[in-house]
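Notes for the structure review
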Amino acid sequence: MASPSSYVALTGNPNCGKTTLFNALTGSHQKVGNYPGVTVERVSGTLDLGDSEVECLDVPGLYSLNAVSEDERVAVETIDGRIGRRPDLLVCVLDGSNLERNLFFFNQLCEGRHPIVVALTMVDRIASKGWRLDVPKLSQLLGGVDVVEVVGHRDKGIEQLKNAIARNLETPRIPECDIALPAPLDEQVVLLVERLARSGIDASKQEVRRLLLYPEDSFEKFLEQAPELRQAFDAARKRLEPEGLL
C-alpha cells in the first residue's frame, strides 16, 4: 500500500499528452501555484489509489535533463529533488507514435536511478494507422518497467496505470537499461564526436546526440563562429530528416 505521504511526478517531452493524462488521473483535485522563488507554474493534484491518496505533480515538459530555460531548470531540479523532495516515483509519459525521440529522455532518467512507470500515450493514433506496439517487448527493452497504454481524454488505461503506480510505490523498480537508438542516428553521432575531437572539443555521444536532436541557442551561436562544425551538424541533420528522427 502506498504511503499517504508518497509523491509521484509526471514527466515527459512537450506535447506527449502528459497534461491530459494528469487531468485524467487527478480530476478536479488540483492546485495551481508557483515554484518557490520563480514564476514557473506548479500544478499538483491528488491521485486516488483506492487504499490511499498520494500527491501527483505535473512537471514542465522536457526534451532532456540538460536544461536551457527557466521552466526546464525547474523541471530538472524537481525531478532530482533539488526543489522540494525527490519524487518517490516518476511516471514517464512516452508518445507511442514517436518513440525514437522520446526514448532519449527515458534513457537519461534511467541514468539518474529513478523508479519509473511508463505511460504510453497516442496509442489511438497508432491504431488508426494500422500499427501495433508489442508492449511486453517494449517493457523488456525498457529494463522491465511497467508499461501501460493510455488514452487520457477517453480515460482508457487510467485504472491500469493507477494500479501500476500503486505497485511501484510499494515496490519501486529502477530500470537497468541502455537503449539502442536508431542506427542512422548513432552513425551521425559517432561522426560528429570524431569531428569535434579533431577540433579539440571532448564531447560524449550523449551530449552530441542531445545537441543534434534538440539544438540549444548557446551551441548554435558557437557553431556560427565555427563554419566547419556548422557544416558538419547541418549535414548530419539533413541526413536524418528522411529517417523521421528530427
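These notes cover the structure that comes with them. (Residues numbered from 1 in each chain as written. Predicted model: local features only at pLDDT ≥ 70, side-chain atom pairs only at ≥ 80, totals over all residues. Heavy atoms only, no water.)

Summed over the entire model, instances satisfying the criterion amount to two aromatic pairs. Where Phe219 meets Phe222, the ring centres are 5.8 Å apart and the plane angle is 35 degrees; that geometry is what we call tilted. Of this pair, Phe219 and Phe222 both sit in helix α9 (residues 217-224), separated by three residues, roughly a single helical turn. The exposure class assigned to Phe222 is partly exposed, which follows from its relative accessible area of 35%. Taking the centre distance of 5.1 Å and the plane angle of 65 degrees together, the rings of Phe219 and Phe233 count as edge-to-face. One end of the pair, Phe219, is in helix α9; the other, Phe233, is in helix α10 (residues 227-240), with 14 residues separating them in the sequence. Members of the aromatic cluster, joined through ring pairs, are Phe219, Phe222 and Phe233. (Phe/Tyr/Trp six-rings, centres within 6.5 Å; stacked < 30°, edge-to-face > 60°. Helix = DSSP H or I, 4+ residues; strand = E, 2+ residues; numbered from the N terminus. Buried < 20%, exposed > 50% of the residue type's maximum accessible area, 1.4 Å probe, protein only.)

The seven strands are arranged β2-β3-β4-β1-β5-β6-β7 in an open sheet whose pairing can be described as mixed. Each end of this open sheet is capped by a strand with a single partner; those strands are β2 (30-34) and β7 (147-149). Recorded for the sheet is a direction-independent mean angle of 25 degrees between the axes of neighbouring strands. With four bridges joining them, strand β1 (residues 7-12) and strand β4 (residues 53-58) adopt parallel strand pairing. By the bridge assignment, Leu10 is partnered in β4 with Asp58. Relative to the sheet, helix α1 (residues 18-26) contacts β1, β2, β3 (41-48), β4, β5 (89-95) and β6 (116-121), its axis offset from that of β3 by approximately 40 degrees. Contacts from helix α3 (residues 99-111) reach β1, β5 and β6, with the element oriented near 165 degrees to β5. (Pairing = 2+ DSSP bridges. Axes fitted to C-alpha atoms, helices over the stretch in contact; angles between N-to-C directions. Contact = heavy atoms within 4.5 Å.)

Our next topic: the pattern of salt bridges. Evaluation of the coordinates by the stated rule reveals 15 salt bridges. Notably, a salt bridge pairs Arg73 with Glu70, separated by 2.8 Å at the nearest N-O pair. Residue Arg73 and its partner Glu70 are both found in helix α2 (residues 70-80); the two are separated by three residues, about one turn of the helix. Residue class for Glu70 comes out partly exposed when judged on its relative accessible area of 38%. Residue Arg230 pairs with Glu220 through a salt bridge whose shortest N-O separation is 2.8 Å. Remark: Glu220 occurs in helix α9 and Arg230 occurs in helix α10; sequence separation between them is ten residues. Like Glu220, Arg230 is buried. Here the residues in one salt-bridge network are Glu70, Arg73, Glu77, Asp80 and Arg82, joined through shared partners. (Salt bridge = Lys/Arg side-chain N within 4 Å of Asp/Glu carboxyl O.)

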